[in-house]
Structures are given as structure tokens and as C-alpha cells.
Amino acid sequence: MGALILRDLRRGLTGNSWLPIAFFVLVAALIPFAVGPDAALLGRVGPGVLWIAALTAALLPIERLIEPDRADGVLDQLALHGLADESIACAKIVAHWLTFAPLLLIAAIPASALLAFDGQALVKAELALAIGTPALAALAVAVAAVTAGLPRAGSLAGLVLLPLTVPLLIFAVANAYLLEAAVSLLLTAGAPFVAAAAIRAART
Amino acid sequence: MSAHLRFEQVSLRRGGRLLFEGLDLSLGPGEALRVSGPNGSGKSSLIRLAAGLLQPEQGNVERTRLALADDQLALDREVTLARALGFWVSSAMHAIEDFGLTELIQVPVRLLSSGQQKRATLARVVASGAPLWLLDEPLNALDSDSMARLAGVIQKHLAHGGAVLAASHQSLPGTWGTLELRP
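What counts, and at which threshold
Residues numbered from 1 in each chain as written. Chains lettered and ligands numbered in written order. Predicted model: local features only at pLDDT ≥ 70, side-chain atom pairs only at ≥ 80, totals over all residues. Helix = DSSP H or I, 4+ residues; strand = E, 2+ residues; numbered from the N terminus. Rg over C-alpha atoms; globule rule 2.2 N^0.38 Å. Buried ≥ 20, exposed ≤ 12 C-beta atoms within 10 Å, placed from the backbone. Core = buried A, V, L, I, M, F, W, Y, C linked by C-beta atoms within 7 Å. Contact = placed C-beta atoms within 7 Å. Pairing = 2+ DSSP bridges. Axes fitted to C-alpha atoms, helices over the stretch in contact; angles between N-to-C directions.

Student: Provide a residue-level description of the overall build of chain A, including the pertinent values.
Tutor: Within chain A, the secondary structure is distributed over 10 helices and zero strands. Of the regular secondary structure in chain A, the N- to C-terminal order runs α-α-α-α-α-α-α-α-α-α. In summary, chain A has a C-alpha radius of gyration of 17 Å against a globular reference of 17 Å for 204 residues, a match within 12%. Dimensions along the principal axes, computed over C-alpha positions, put chain A at roughly 60 × 30 × 30 Å. Burial statistics for chain A: of 204 residues in total, 44% are counted as buried.

What follows is the structure in C-alpha cells.
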């Protein structure tokens, strides 16, 4: 399982892992052009905008999380090596979180500046993202497994993933960290089982 | 269990179609079996059933530790052949030599030809040390020299008490039992 995490981590970091992060910053940069440079208004809508940017950025890598390994027989070979599908899903969640979340947390600093956050708002935003990103990574892997091999999987993944993130979004933007953490824990714990069931179903 | 692979009254249905039923099969040490039949007769499905990647509708399948080579590469294309094989097996040097891949170990997998990639997947099976080899169309993309190398490796494996189940519509070199599937 450790070898799989390292492999996926290497593939993520040498691939296009910067693309979702660039997209995240770009969305944040566009908002002042859309609503104007009013710092008070940006401060009010900023936390929500930051999360919408994070959620949409989380969609971008979905098609490379499971499908390439399914199509290439890697998932079958891992199963033959005795690795449970749940363990495969856990490894992919950890690797995806490591390639996505730290960069997102760093990118949130310039994004917050573009949205006229003060120091306190930045700390709150970083805390909410730190709590929520494990759930985003877990959901991305689960949805990637469910949509693997389907035509137009990327579009379908958005329709499946975004509604599931609504509780996370509500509690994160409201700075209700304990409730956000509870939802994040629930999603992170449940996602490997959903992903594993989807991987198994794809073999039949 | 003395046999490396045993099917007892196995039935398999895929996509609503019954591929085979009541199939009994036993593959002991030193035995090789070729599964033949026309396209769609269930050769690859039988291999995946033997691997445990498919579940039978009825019956029981027992197996020892196994390794599978099918038409899927399952090797990281962006790294060298040595590193890609190293993800799956601790030491692949003997297998790499067996298939004449020594000069290619520092070449990224994506730059290998289809025949070289096929040899690499077969090398992964050989290096696994598993007593049961499952080979799905092992001759695809292989030239005559590679076929001879594969035949030699299989004979060595059988002589050491291993077993091989291969699905192929072509004749395989050496002595094989045969199982013909009909659609």
C-alpha cells in the first residue's frame, strides 16, 4: 500500500497536478473583475467563492485518478497481489490528498489576497480548507471509481460530486469547524467502500 | 490442495450469456493446459475466473498463488522498464534476461514496441515466483525468437513443479493439454 501511495504521488507530482491549483487561483482572480473591487463586498462573498473555486478545482483531476489504472489492468494486478480494493481506494485517496491539498493551501494565500481577505479571514479559510480537503480527495476518488470507463465521465463526475459536497460547503463557509470536521470524517471514512464497490463492479 | 488450480462444476454467465457450465478442471504441478475456441467463446473469461477476478455463477474454484499476463500492460509507462517491473516484483533480472530485455531496462516503458511490452508483461509473471501462471493470448505481438524464449521459460517452470493455463487461438510450443470452448 505504501508503494502504491508513493507511485501515485510521483505520478501526480510529475503530471499536471498544478492545473487544478492554477484553476483555483484563476477563479479567485476573476471574482474582483465580476463584482468590482469593493473590499467589503469581496470580504463577504470571499469565503464562499474560495470554496466554490476549491470544489470546481477538485473536479479537474478526477479522470486520471482511477480510469487509467483500470484500463491498463493495474487494479486487477493489485488485486492479484492480495491488496483489497478498499486498501487500493485508501492509497489513492492519501496520494491524491498529498498532491492536491498542500498546493491548494499554499495557493489559498494569493487567492485570499485577491479576494481582499484580512489576516484573520485568511486563517479561517486555511483552517476550513485543511479540514475539508480530505473529504474532497476521498469524494474525488469515489466518484472517479464510480464513473470510470463511462463515456463523458468528466461531466458526469461533476454532477455526482458537487451535490455531495453541499454539507461540507455550508459548514466550511459558516466557520462551523466541528460540524465540518464531522462531515469530512464521514465522507472520508465512507468513500473507500464506495470506491471499492465500484472497482469490483467494473470487473464483472 | 495438491492441484495448483481446480474447477468443480463451474458455470459462468457474462452479459446474460452462459459461457460454460458444469466445467471440471484440475491443473497439477508440471501440467500445462491450453484453452482454445473461437472469438467470444469465453477463453479470456475463463482466465479471469481462474485468477479470481470474476466469480462463478455456480461451482467452486480453488487456486494457489498465481500471476496473470493478459493484453493489459499494467506497467507504469513513464518510468524505465526496470523501475516499472520493480513496482511489482523485488527482483526481475533473471526474467528480464530470459526474455532478452536486458538492453532495454533503462528505456521508458512508453518507448517499447508492442512486442517488447508483451515480453515485459511475461517477464513480470516469470519474476513473480508464483506456481500458477495464467496467460491470455501470450503469443500476441511476439516474434519467433520471443516465442522460443517463452517456450523455454514455460518448460523450465513446468519442470520445477509449476503449472500454466493459457488461452490462445494459436498452437503453443511444447506439450499442452487442450480444452476447447464452444460459443
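Student: Go over the nonpolar core with me, naming the residues and quoting the values.
Tutor: Counting residues in hydrophobic clusters, the biggest one holds 119 residues, and the most contacted among them are A140, V141 and A145 of chain A together with A123 of chain B. Considering each element in turn, this core owes the most residues, 15 residues, to helix α7 (residues 119-147) of chain A. Sequence-distant contacts of A123 of chain B, that is, excluding residues within four places in its chain, are made with L85, A92, A95, I96, D98, F99 and L101 of chain B.

Student: With reference to specific residues and values, describe the sheet that holds strand β5 (residues 66-69) of chain B.
Tutor: Residues and elements named next belong to chain B. Here we have five strands laid out as an open sheet, ordered β5-β6-β7-β3-β8, and parallel in their pairing. The sheet terminates laterally at β5 and β8 (177-180), the two strands that pair on one side only. Mean inter-strand twist for the sheet, computed between neighbouring axes without regard to direction, equals 15°. As paired elements, strand β6 (residues 132-136) and strand β7 (residues 163-167) share five bridges and run parallel to each other. Looking at β7, one finds that L135 is bridged to A166. Contacts from helix α1 (residues 43-51) reach β3 (32-36), β5, β6 and β7 within the one sheet, and its direction differs from that of β7 by about 145°. Helix α4 (residues 114-128) contacts β5 and β6 of the sheet and is inclined by roughly 175° relative to β5.

Student: Quick one: what's the story with the environment of A50 of chain B, residue by residue and with numbers?
Tutor: Residues and elements named next belong to chain B. In this fold, A50 is placed in helix α1. On the basis of neighbour counts, which here come to 25 C-beta atoms within 10 Å, the residue A50 falls in the buried class. Sequence-wise, A50 and V61 are 11 residues apart; in three dimensions their C-alpha atoms are separated by 7.0 Å. If near-sequence neighbours (up to four positions away) are discounted, A50 is found in contact with L5, V61, R63, L134 and L165.

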